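Secondary and tertiary structure notes
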Amino acid sequence: MESAEIARRFLRFFEERGHTIVPSASLVAEDPTLLLVNAGMVPFKPYFLGQKKPPYPRAASAQKVMRTLDIDEVGKTTRHASFFQMLGNFSFGDYFKDQAIPYAWELLTKPESEGGFGFPEDRLWATVYLDDDEAFGIWHDKVGVPAERIQRRGMADNFWSMGVPGPCGPCTEIYYDRGPEYGAEGGPVADETRYLEVWNNVFMQFERGAGGGKEGFPILGDLPAKSVDTGMGLERMAAILQGVDNIYEIDTTYKILDKAAELTRSRYGRDARADVSLRVVADHLRAGVMLVGDGVLPSNEGRGYVLRRMLRRAIRNLRLLGAGEERYMHELAATTIAAMGDQYPELKSDAAHIHTVIDAEETSFLGTLRTGTAIFDAAVEETKRKGAPVLAGGQAFQLHDTYGFPIDLTLEMAAEQGLRVDEDGFRRLMNEQRDRAKADSAAKKTGNADVSVLGAMLDRAGRVEFLGYDHTLAEATVVGLLVDGASVPAAGAGTTVEVVLDRTPFYAEGGGQLCDQGTIRAGGALVEIVDVQSPFAGLVVHRGKVAQGEIRVGEAVQAEIDVERRRAISRSHTATHLVHRGFRNALGESAAQAGSENSPGRFRFDFTASGAVPVSVLRDVEEEVNAVLVNDLKVHAYHTSLSEARSMGALALFGEKYGDEVRIVEVGDYSRELCGGTHVASSGQLGVVKVLGESSIGAGVRRVEALVGVDAFRFLARESVLVAQLSEQLKVRREELPERVEGIVSRLRAAERELEKLRSARVLEVAGELASSARDIDGVSVVTHRAPDGTSPDDLRKLALDVRGRFPGDRAAMILIAGVPADRPVVVAAVNDAGRGRGLKAGRLVGVAAKALGGGGGGKDDVAQGGGVRAEAIGDALGAVEHAVRETLS
Ligand code: SER
C-alpha cells in the first residue's frame, strides 16, 4: 500500500467517525518553545491546555514532523529519520479511552478490502501505563485482547509529554509482532526490534512543568478536559504494509535513495559505508525539500542551520559515494518533489523556488569545499611541521565558522592525513559561540525576561490593542513593568525598564519594519522608549529608560511616538512593496520576498533568484518604481478574509503564517500585498527611490539595498559631485569618463602582462644553460639549482618543467629548483618518464628537500612542490636530494 493511500485511509476512517480533517501545519512551529514541529499534536497544544477554544471537538491530521536531536545517527541505523509524518486522531474533551482504543483496533484489524490495514489480530500487542487499569480493562474486556498480550510499563515508555512544559498523560501503545526471525519471544518489554510500535494513544490529562527528564517531571495539575492525542508514524506503517525491512525502503524514500545510487553508480545493500551515505542522502533530501517548502532558507542559525546542515551532509555524502564535482542535488530534489508530490501538491507548484534554494546551497557549499580544502591543507601542514599529532580545536572551529566546513568533514579529512582533531576544544568553542548567540537573541526578543513572566503579563493584559495605524499619540494604562526581567510595581529615574500597556501607538519591530521610538509620560514621569518588541502575538513590550520621575503599574499614561522616525520608516516600507512588485514584474513570480528591513530613509529587500540580477534589470525596476511615485497613487489598507485576499491575487510572503482575517495594503492598482506594517498615504510622499545595488546573501537569495526620500536625493547629489571631480581630474567630459577609465585600465593591464613576460623570460633564459650543465649520476641527468630570490612559485615550476623538457625522451632526468619567492623557501621537483622508470619520484624528493627546510610537501611522481621555513638551509636541501637520488639509483 502506497504511503499516500495509507494517509488517505487513516483520514477517511476518522472523517467517517465525525473528525474534522485538519491539513498539516507548517514544519515551522508557532510554539516559541519549539524550533520545528516535532509531534502531530503540536498545532493543537493550545486546545489541550484550554488556552484556546477548539473549533471542533475531534480532529484528525497527517502532520509533517521533524526530529533533529540525532541528525548524526541518521543513516547509521535504519531506525532514525529526521523528517516523517504522523497520522493522528484527536479529541478535545470529547471521547476518551473507551472510544480511542476501539477506534485504533478497528482501523488496524479491518481487512484491507474494507478500507482498513488488515493486521492479523493475534500479532498485535498492547502496552499500558503501570496503574492504568481502565485502559487494561478496555483492551481486555471490550476489545478482547488476551491478558498475556497486554503489558504494563513505566513512565519512560508509557507516559507521554512533549519533553517541555505542556500537556501530558499516560499512553497505551500498540505493537506488531514481526515474527521469531526478528528476535526473542516475550512482547515489547522483551524486544522492540521484533515487536514494532505502530501506534501511540496518549490520554492527555495533566499539565507538566519544566525539568525532571523523561521520568521525573513535575505534574502541575489537571487539564481542563480529558483529551486524546494519538500518533501513528506513516513511514513505519508503510514499511510494514509494503513488506520492507525499514523506512528507507518504503515507496517515497526509496525513490530518492535509488536515484542517488543511480547517479553515483553505486548499489544499495552491497557496501555498509555506501549504504549509510545513501540513507543520509535520501533522508536529508526529503527533510530539506520539506523545510524549503515551508519557507525555511539555509542560514547559520536556528531552523536555517538545520536545513543547511542537512543539505550539506547530503552533498558531502554524495561525494563520499564518488560524486566528485558533479552536481546531483537538482535531480535528487526533483525526484523528492515527485515522490512526495502526491501528498503535498504545493511542492510541485513551488518547485521552482525549492530548486533555486537547493541549487544555490549546493553551489555555495561546493565553493566552500574548494576554499576550505586549501585552508585545511595549510592547517595540516602547520600541524605536521610542529610534529603535533592533533589538529587544534581552534583550527577546526575556524574551518567551520569561517568556511562552513562541517566538523565531520574535518575529522574525516584529518584522519586521511593521519591526524586527530581536538574535538573537545572544537566543541567548547562551538558552545561558547552558541551561548553568545542565544543570549543575544533572547535579550533582543524579551529583554532578558523569563518567557513565563511575559506569558503571565499577556494573560493579565489580554491582547494589546495597536492604535498606531491612525494615531501617533494615545492615552493608555500601564499593565506591567519589568526591570531585569522581573515584574515590579514601579520604576524610578535612571532605571532601564520594560513597559507593557493595554493599548499603544508604538509599532513593535516585525514584518521587516523597525520599531517606533518615542516617550511614555505619566504625571511627572518620563520614559524614553528606544526599542519595542512583540515576543508573543498580542503582547507589546516597550523598552526604555526612565528619564525623570517614577512610573507605576496601573497608572494612566500618554504614549507618543517620534513622528519623523515613523514617517521615514513608513516611506521605506511602502517602497519595499513597490520594489517587490517591480522585481516580480521584471523577473517573474519566482522573485519572492525572502526578508526585508525597513529603516528610516533606507531599506533592504531580499528575494529569491537563481543568479545575479543584471544591472539593466535593476535600472528598469528603479525607473518603474519612480514612475509610480510621480503618479502619486493612493495607499489604501483594509481587512478582509484570507481566501478573499488570495482570490484578489494579493502577494503573501512565502512561509509566512496568516490568520483567517488579513490586512491588505494596496498602492493604487500597482501593488497589493498582505501586510501588518505602517505606510504613507500616497506614493508621492516617497519622493525618490534610489536602488544602490544588489548582492548575494547565499542560498539563491539576492539582496537589494535602496534609499528613499531625502536620503536618496542626498546620495544622488553626492554622486554628481564625485563625477564632476573625476571629469576634472581626467580632463574629459562626463560622458567620456567610462571610455577614458577603460583605456587607462587596459593600458595598465597590457603593461603588467609585458612585465610578467619579461620576468618569466629572464627566469627561463637560464634553462638551456642548466640543462647542459646537468650532472650524470648513474646514467641520470641531475640538475639542482637555486633561482634568484623573488622568483614566483609559478616561475620556479615553469623553469623546472622547461629544463626537464630539454632532455631527450630516453634520457632519464631529475630537476630540482629551489627559490625564495617571498620570505619562505619553496622547492619544485620534476622527473621525466625515463627518470621515473629508474625509480625516482618527484613527490618523494620534494618531501626530502622540504624536510631539510623545516616544512612539508609532496605530490605526484612527475612534478611536485613543497616548502619550508628555513631559507638558509636551501644548500642542505639540495644536497639531501642529491643523496636521496644516489641512494635510489644504487
Ligand atoms: N504525541 C504522541 C507522540 O508523538 C502521540 O501522537 O508519540
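All values derive from a computational prediction rather than experimental measurement.

Turning to the site of the ligand, a few remarks are in order. If you check the shell around the ligand, you find Ala39, Met41, Arg67, Met86, Trp160, Asn200, Val202, Asp229, Thr230 and Gly231 and nothing else. One of the side-chain nitrogen or oxygen atoms of Trp160 is found 3.5 Å away from an oxygen atom of the ligand. At 3.2 Å, a backbone N or O of Thr230 approaches an oxygen atom of the ligand. Here the ligand loses 95% of its free accessible area of 230 Å² to cover by the protein chains. The dominant element in the shell around the ligand, judged by the number of residues it contributes, is strand β9 (residues 219–233), at 3 residues. In terms of residue class, the shell around the ligand is built from 5 nonpolar, 3 polar and 2 charged.

Now for empty space enclosed by the protein. By rolling a water-sized probe across the atoms, one finds the places where empty space is left. Within the structure shown, the criterion is met by 2 cavities of 30 Å³ or more. Volume-wise, the largest cavity comes out at about 60 Å³. Forming the boundary of the largest cavity are Ala81, Phe83, Phe84, Glu235, Ile247, Tyr248, Thr253, Asp283 and Arg286. Secondary structure elements with two or more residues in the lining of the largest cavity: β3 (83–91) and α8 (272–293). Here the residues of the lining of the largest cavity sort into 5 nonpolar, 1 polar and 3 charged. Its volume calculated, the second largest cavity comes out at about 30 Å³. Sorting the residues of the lining of the second largest cavity by element identifies α9 (302–320) and α12 (351–385) as the ones contributing at least two each.

Now for the sheet that holds strand β23 (residues 593–599). The strand order across the open sheet built from 4 strands is β23-β24-β29-β28, with neighbouring strands paired in antiparallel fashion. Because the sheet does not close on itself, it has two edges, and the strands there are β23 and β28 (689–696). In this sheet, neighbouring strand axes are inclined to one another by 15 degrees on average, regardless of whether the strands run parallel or antiparallel. Pairing between strand β24 (residues 602–608) and strand β29 (residues 701–708): 7 bridges, direction antiparallel. Directly across from Thr608, in β29, lies its bridge partner Val701. Lying over the sheet, helix α20 (residues 710–729) contacts β28 and β29, oriented at roughly 90 degrees with respect to β29.

Right, let's get into the side chain of Thr504. Checked against the element boundaries, Thr504 lands in strand β17 (residues 503–504). Within polar-contact distance, the side chain of Thr504 engages the backbone nitrogen of Phe506 at 3.0 Å. Here Thr504 is in contact with Val464, Glu465, Phe466, Leu467, Gly468, Val540 and His542, once residues within four sequence places are set aside.

Attention shifts here to helix α4 (residues 133–143). Three or more residues of α4 are buried, namely Ala135, Phe136, Ile138, Trp139 and Val143. One side of α4 carries all its buried residues, which in axial view fall inside an arc of 160 degrees. α4 presents Asp141 and Lys142 as exposed residues on the side facing more than 90 degrees away from its buried surface. The positive-phi residue at the C-terminal boundary of α4 is Gly144, with phi of around 90 degrees.

A few words on unusual backbone geometry. Most of the time, phi is negative for any residue but glycine, and the peptide bond is trans. Located in the positive-phi region is Arg265, a residue other than glycine, with phi close to 50 degrees. With respect to the element layout, Arg265 can be found in the loop between α7 (251–263) and α8. Looking at Arg265, the relative accessible area reads 70%, which means it is exposed. Even without a glycine there, the phi angle at Lys731 is positive, about 55 degrees.

What follows concerns the environment of Arg702. Tracing the backbone shows Arg702 in strand β29. Along the sequence, Arg702 and Ala594 sit 108 residues apart, while their C-alpha atoms lie 8.9 Å from each other. Those residues within four positions of Arg702 in sequence are excluded, and the remaining contacts are Phe605, Asp606, Phe607, Ala609, Gly611, Ala612, Val613, Glu694, Ser695 and Ser696.

What follows covers the environment of Ser299. Structurally, the position occupied by Ser299 is in the loop between α8 and α9. With a relative accessible area of 24%, Ser299 lands in the partly exposed category. The sequence separation of Ser299 and Glu361 amounts to 62 residues, and the corresponding C-alpha distance is 9.8 Å. With residues near it in sequence (within four places) discarded, Ser299 still touches Gly304, Tyr305 and Arg308.

So, on to the confidence of the model for the protein. Regions with low pLDDT carry predicted coordinates that are not meant to be interpreted in detail. Considering every residue of the protein, the mean pLDDT works out to 89; 97% of them sit at 70 or more. Every residue in residues 445–449 scores below 50 in pLDDT, and together they form 15 contacts with partners more than four places removed in sequence or on other chains.

Pairing within the open sheet is antiparallel, and its 3 strands lie in the order β25-β26-β27. Strand pairing shows two members of the sheet lacking a second neighbour, β25 (635–641) and β27 (671–674), which therefore form its edges. Pairwise comparison of adjacent strand axes, ignoring direction, gives a mean angle of 25 degrees for this sheet. Here β25 runs beside strand β26 (residues 661–667); their pairing, made up of 7 bridges, is antiparallel. Within the sheet, the bridge partner assigned to Ser641 lies in β26 and is Glu661. Each of β25, β26 and β27 is contacted by helix α17 (residues 563–587), which is oriented at about 110 degrees to β27, the strand it contacts most.

What follows concerns the packing of aromatic side chains. By the definition in use, this model includes 27 aromatic pairs. Ring geometry for Tyr56 and Phe92: centres 6.3 Å apart, planes at 40 degrees, overall tilted. Taken as a pair, Tyr56 in the loop between α2 (45–49) and β2 (58–66) and Phe92 in the loop between β3 and α3 (97–109) lie far apart in primary sequence, 36 residues in all. Overall, Tyr56 belongs to the buried group, its relative accessible area being 15%. By relative accessible area, which is 9% here, Phe92 ends up buried. Summarising the aromatic geometry, the rings of Phe159 and Phe217 are spaced 6.1 Å apart at their centres and angled 50 degrees between planes, so their arrangement reads as tilted. Of this pair, Phe159 sits in strand β6 (residues 159–161) while Phe217 sits in the loop between β8 (195–208) and β9, and the two are 58 residues apart along the sequence. For Phe217, a relative accessible area of 6% puts it in the buried group. Taken together, Phe10, Phe13, Phe14, Tyr95, Tyr103 and Trp199 form an aromatic cluster joined through their ring pairs.

What counts, and at which threshold
Residues numbered from 1 in each chain as written. Predicted model: local features only at pLDDT ≥ 70, side-chain atom pairs only at ≥ 80, totals over all residues. Heavy atoms only, no water. Near = heavy atom within 4 Å. Polar contact = N/O pair within 3.5 Å; in protein donor to acceptor, adjacent residues only side chain to side chain. Areas by Shrake-Rupley, 256 points an atom, 1.4 Å probe, with all protein chains shown as cover. Helix = DSSP H or I, 4+ residues; strand = E, 2+ residues; numbered from the N terminus. Nonpolar A, V, L, I, M, F, W, Y, C, P; charged D, E, K, R; others polar. 1 Å grid on protein atoms, 1.4 Å probe; cavity = no way out; pocket = protein on both sides within 12 Å on 5 of 7 lines; lining within 4 Å. Points joined across faces, edges and corners; volume = space filled by probe spheres on them. Pairing = 2+ DSSP bridges. Axes fitted to C-alpha atoms, helices over the stretch in contact; angles between N-to-C directions. Contact = heavy atoms within 4.5 Å. Buried < 20%, exposed > 50% of the residue type's maximum accessible area, 1.4 Å probe, protein only. Arc of directions from axis to C-beta. pLDDT = per-residue confidence, 0-100. Phe/Tyr/Trp six-rings, centres within 6.5 Å; stacked < 30°, edge-to-face > 60°.

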